Each structure stands twice: as structure tokens, then as C-alpha cells.
Amino acid sequence: MSAPATSPAQAPANSRSRVLVASLIGTTIEFYDFYIYATAAVLVFPSLFFPNSDPTTALLSSFAVFGAAMVARPIGAIVFGHLGDRLGRKGTLVASLLTMGIATFLIGMLPTYEQAGWIATALLVLMRLAQGFALGGEWSGAALVATENAPKNKRALYGTFPQLGAPLGFIIGNGLFLIIGALLPSSAGADPSQPSEAFLSWGWRIPFLFSAVMVVIGLWVRMRLVEAPVFSKTREAGLVRKLPLATVFRSHWRQLLLGTFFMLATYVLFYLMTTFSLSYGRTATDAAVPGLGYSYTTFVLMMIFGVLFFAAFTLISGPLADKYGRRATLIWVTAAILVFGLVWVPLIGMGTLGVVLWLVLGFTLMGMTFGPMGALLPELFPTSVRYTGSGISYNVSSILGAAVAPFIAVALWEAADGSPWLVGVYLSSMALLTLISLLIGKETKDIALDEGETPVGSGTTADRDEASASPVAP
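Reference entry: report on the structure contained in this document. As the structure is a computational prediction, the values presented were derived from the model and not from experiment. (Residues numbered from 1 in each chain as written. Predicted model: local features only at pLDDT ≥ 70, side-chain atom pairs only at ≥ 80, totals over all residues. Heavy atoms only, no water.)

Okay, helix α11 (residues 244–251) next. The periodicity of an α-helix, 3.6 residues per turn, causes residues three or four places apart in sequence to face the same way. Regarding α11, the residues found buried are Pro244, Thr247 and Val248. When α11 is viewed along its axis, its buried side chains cluster within an angular range of 100° and face the same direction. Residues of α11 that are buried in the fold lie against α3 (55–86), α12 (253–262) and α19 (386–403). (Buried < 20%, exposed > 50% of the residue type's maximum accessible area, 1.4 Å probe, protein only. Helix = DSSP H or I, 4+ residues; strand = E, 2+ residues; numbered from the N terminus. Arc of directions from axis to C-beta. Contact = heavy atoms within 4.5 Å.)

Right under this line is the structure:
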């Protein structure tokens, strides 16, 4: 397994700053793209692409399109995972970022239902699927860039940097929407919580078009990366798998299942706090299904304040997971999420102070549960299938959690006549499933990322049908 002194695997590789920036900037852009869609799905898409439905049905339809991307994410994880495990992390990350950027830019160019009828809605679904496909390959690649280049005792800390892209993308995306909304306010006498005619006509397109600028910056940073030594050694040793997907399902199915349920509570909390909360916070108190009645600007500012805690505790979670272990840290955090879901109504019933506290607590727990995942999921799999395995776990969980969470939440909110108590119980139930999986799983912080490999074609059960595979040329 050791390479000669002149091997590229031992040549100077990525500097710490290059690793952290490259893993951070890509996920920031990807989450920015996803967040601006989530915001538009609540704010403008119901009226622009589903105008013939009542408000609740239009919102549910918009959320359904939002969730459709989650179905495409495992497919993206398989395709990009195959490329990442066969050809390398760098080129695969560039491809995923470019795919996401093009899809997001084209959403900003779409005609509305009034202009093109059902074709407009179909194109929105298509672009949303492309976004999901791209994100399916983005996260695991960024997490691998961070963890495979990290010192062993700082993998969780390095792994928090791709996770930090989530709160940063939220702040940039929603901040831009706020600025545009302030520049294009509703006319006198109109409902200030609703977007203006100018915003509905063309203002909403600006964040989508602006993503092109961010993608160019992200591509420039990622093109400067070189492959991590751990992957280079795997390739040189002939350990690259011909079919990574087959190896994962045959030899690492248990890790796939555990990884999927490790992420479940994280995903549900994530989309309840960022997507459902925006609908609930903005809906009038005298609506058929009442909400909190805040204006869009007021509630988004409250959310951004909460997301600052998301960012801070994402970083804080890394050193804690390095010191105490990923599993131990997440067990305590997941138990706290379970309790948090049961106190939604008392918190929100305290008025504005309680709503702010609800957002702060939710986003704090989000940072604490999301941060360690950047190290935990990659550590479940050997180098030769790490991109595929971690990507599938992360993105299959998106279907079980994120794809249905906003949709279920709206249905439960409506069933409880405007009270969020059933939504909180739903979150607690998902946290219980994650807690059980963590109790079943094992600690991974002391695992070496280049351990557990078996040479291709060695005749073992795991490799018998891959005897014809060979190292992939750089």
C-alpha cells in the first residue's frame, strides 16, 4: 500500500486553506440554489405556476415540486458517486456544481403558467429534478474533499466546513430576496406580507440568475484542487472498483441503512425549520388554516437570526465530535431534538419572544446534528466506495425526510386547525428513529480512512465478480 517517495500520492497536495475553501464554497452555492427555490416555492411559485388552485392546494403543489428534487438526489448520488469513486473527486465535483448552476440559472428564465400553461410547470419540474440530481453528487464529494485531506484527529472539524455551506447559503439567498423585496415593495394599501407586482413579474428571477456569478467563482476554486493522497493511493494500489454501487449494496448494506437513518432527524428538522416555518410564520392569524401572521420581511429576519446559531453550532459540533466521538455527540443532540419537537406549542405560545426562541433552539440543534455528519457518513465506507456509499445514505434519507417533510407538515398543520403540535410530534417521531439507529451503530472517529480495503480480484466474496476491474488511469 505504501507508495515510493516519488509517488504523486506523497507529493505536496492541497493546503488546508484550499481544502476548507473548496469544500465550503461549493456547498454554499449548492445550498444557496436550493434555498432560493425553497423561498420561491413559498413566496411566488404557488401563484405563478399553480394559479388555478386554492391557496392551500397551490402551496402543497409547490411543495410537491420542491420534494420531487429529493427523488432525483439518490440517482445523482449513484451517477456522481460512480464517477467520483472511479475517476476521482475533483472532476466529479466540478460536474455537479456546473449542473446545479445551469439548472438554477434556467429557472430564472422560465415562462410562467400565464405565459406557457402546463409547459411552464413541466419545465419547472424538470429544472428542479436537475437541481436534485446535481445536489445528489455535491455533498458527498465536498465532504470527502474535507475529510480525506484532514488530519485524523480533526476530521470532524474539517467535515463541518461543507456543512457550513447550508447556513451561509441560507443567509445569502434569503438576504438577497429581502433586498429585492425592499427595493420592490408592495403598493400602498396592499398586503405587505405579499410580494409586489414587480416582484412577481421579474424580481423573483434575480436570485436565480445571480447564481451564475457564484458558480463561476466556485468552479475557479475547485479547478485548483488535486486529488487527496488517500484516493491516489487507492487508485495506484489497484483498489478502484469496477462497479462501486454493486460493492456497496453487496458488502456495505448495513452501513447504508444506518447512514440513512442517522440523517433522518437532521433532514426533517432542517426542512421544517427552513421551509415549513416560512409558510407557518407568514400565514395570517385569521386564515382558514391560521399561522403566526408575521410579514415576510419580519419573519425572514427572525429566521436569519436563528440561522446565525445554525452556523455557529455547526462549527462548535466539530471539535466536540472529535473529542467525544460522533456517535456520543449525536445521541445527546438527537435526544434533545426529540424533546424539542414536544415543546413547539408552549414555545410559540409565548409570543414573539417564544417564536424567536423556537427558531434559535431549532437552528442550534440543526447545527449540532448536521455538523458531525460531514465526518460520520464518509467514515462508514472504505475509500474505493466512499463517494457512492456516503452519497446514497445522505440522499436516500432526503426522500424519507426532506422530500415529504414540508408536505406532511402542511397536512398536519391543516389537520390540527392551525396548531403546529402535530408537526412537532412528527419531528419527535423521526428523532426517535434516528436515536435507535445511533444506539445500534458504532463509533467511527478512530477509523483510518485507508483501512478496510481488499485488492480487486483477490477472490474474496466481496470482489469475486470484479476480478476484471483494473486501476483507473489518472
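Non-glycine residue aspartate 417 carries a positive phi angle of around 60°. Along the polypeptide, aspartate 417 turns up in the loop between α20 (405–415) and α21 (421–440). According to the relative accessible area criterion, aspartate 417 is exposed, its value standing at 64%.

This brings us to the packing of aromatic side chains. Under the criterion given, the structure shown has 31 aromatic pairs. Ring plane angle 85° and centroid distance 5.6 Å describe the contact between phenylalanine 276 and tryptophan 413, whose orientation is recorded as edge-to-face. In this pair, phenylalanine 276 is assigned in helix α13 (residues 264–282) and tryptophan 413 in helix α20, connecting sequence segments 137 residues apart. Tryptophan 413 shares its class with phenylalanine 276; the two are buried. An aromatic cluster is built from Phe31, Tyr35, Trp139, Phe170, Tyr267, Phe270, Tyr271, Phe310, Phe363, Phe370 and Tyr394, whose rings are joined through pairwise contacts. The ring of tyrosine 37 has arginine 128 sitting right over it, with the charged end atom 4.2 Å from the ring centre. When the ring centre of tryptophan 220 is taken as origin, the NZ or CZ atom of arginine 224, which lies over that ring, is 5.1 Å away. (Phe/Tyr/Trp six-rings, centres within 6.5 Å; stacked < 30°, edge-to-face > 60°. Lys NZ or Arg CZ within 6 Å of the ring centre and 35° of its normal.)

A separate point is the environment of alanine 116. Position of alanine 116 among the secondary structure elements: in helix α5 (residues 113–116). Sequence separation between alanine 116 and threonine 260 is 144 residues, and the spatial gap between their C-alpha atoms is 39 Å.

Turning to the side chain of arginine 386, a few remarks are in order. Of note, arginine 386 is situated in helix α19. Arginine 386 gets classed as buried once you look at its relative accessible area, which sits at 1%. Apart from the residues lying within four places of it in its own chain, the contact partners of arginine 386 are Asp85, Arg89, Leu144, Glu148, Pro378, Phe381, Gly391 and Leu449.

On to the nonpolar core, then. Counting residues in hydrophobic clusters, the biggest one holds 132 residues, and the most contacted among them are Phe45, Leu272, Phe299 and Trp358. Sorting elements by how many residues they give to this core places helix α1 (residues 16–43) first, with 16 residues. With near-sequence residues (within four places) excluded, leucine 272 lies in contact with Ser277, Trp344, Ala405, Ala409, Val423, Tyr426 and Leu427. (Core = buried A, V, L, I, M, F, W, Y, C linked by side-chain atoms within 4.5 Å.)

A cluster of nonpolar side chains, contributed by Ile75, Ile78, Val79, Leu83 and Leu87, occupies part of the molecular surface with about 380 Å² of accessible area. Examined against the element boundaries, leucine 83 turns out to sit in helix α3. (Patch = residues over 30% accessible without salt bridge, like charges linked within 9 Å, V, L, I, M, F, W, Y side chains within 5 Å. Areas by Shrake-Rupley, 256 points an atom, 1.4 Å probe, with all protein chains shown as cover. Salt bridge = Lys/Arg side-chain N within 4 Å of Asp/Glu carboxyl O.)

Turning our attention to the packing of α1 against α3. Each packed pair of helices is defined by two parameters, the angle between the axes and the distance between the axes. At a closest axis distance of 8 Å, the pairing of α1 and α3 adopts a crossing angle of 155°. The orientation of α1 with respect to α3, classified from their angle, is roughly antiparallel. Of α3, the residues touching α1 (which contributes Phe34, Tyr37, Ala38, Ala41 and Val42) are Leu59, Ser62, Phe63, Val65, Phe66, Ala69, Met70 and Arg73. The residue makeup of the contact of α1 with α3, split by class, is 11 nonpolar, one polar and one charged. (Axes fitted to C-alpha atoms, helices over the stretch in contact; angles between N-to-C directions. Parallel < 35°, antiparallel > 145°, perpendicular 65-115°, else oblique. Nonpolar A, V, L, I, M, F, W, Y, C, P; charged D, E, K, R; others polar.)

All right, on to the pattern of salt bridges then. Scanning the model with the defined rule gives eight salt bridges in all. The salt bridge involving arginine 386 is made with glutamate 148; its shortest N-O contact spans 2.9 Å. Taken as a pair, arginine 386 in helix α19 and glutamate 148 in helix α6 (residues 118–148) lie far apart in primary sequence, 238 residues in all. Residue arginine 386 shares its accessibility class with glutamate 148, and that shared class is buried. Between glutamate 379 and arginine 155 there is a salt bridge, with its nearest N and O atoms 2.8 Å apart. Of the two residues, glutamate 379 is situated in helix α18 (residues 373–379) and arginine 155 in helix α7 (residues 155–183); the sequence distance between them amounts to 224 residues. When sorted by exposure, glutamate 379 lands in the same class as arginine 155, which is buried. Here the salt bridges do not stand alone but share partners, grouping Asp85, Arg89, Glu148 and Arg386 into one network.

For the rest of this paragraph, the subject is the packing of helix α14 (residues 296–324) against helix α17 (residues 352–370). In contact at an axis separation of 7 Å, α14 and α17 are set at 30° when each is read in the N-to-C sense. By the angle between their axes, α14 is roughly parallel relative to α17. As α14 runs across α17, the sense of the crossing is right-handed. For the pair α14 and α17, contact is made by Phe299, Met302, Met303, Phe305, Gly306, Val307, Phe309, Phe310, Phe313, Thr314, Ser317 and Leu320 and by Thr352, Val355, Val356, Trp358, Leu359, Val360, Phe363, Thr364, Met366, Gly367, Met368 and Phe370, respectively. Tallied by class, the residues present in the contact of α14 with α17 amount to 18 nonpolar, six polar and no charged. (Left-handed = near helix turned anticlockwise from the far one by under 90°.)

As a further point, take helix α4 (residues 89–107). Between its first and last C-alpha, α4 extends 27 Å over 19 residues, near the 27 Å set by a 1.5 Å rise per residue. If you check which residues of α4 are buried, you get Arg89, Thr92, Leu93, Val94, Ser96, Leu97, Met100, Gly101, Ala103, Thr104 and Ile107. (Expected span 1.5 Å × (residues − 1).)

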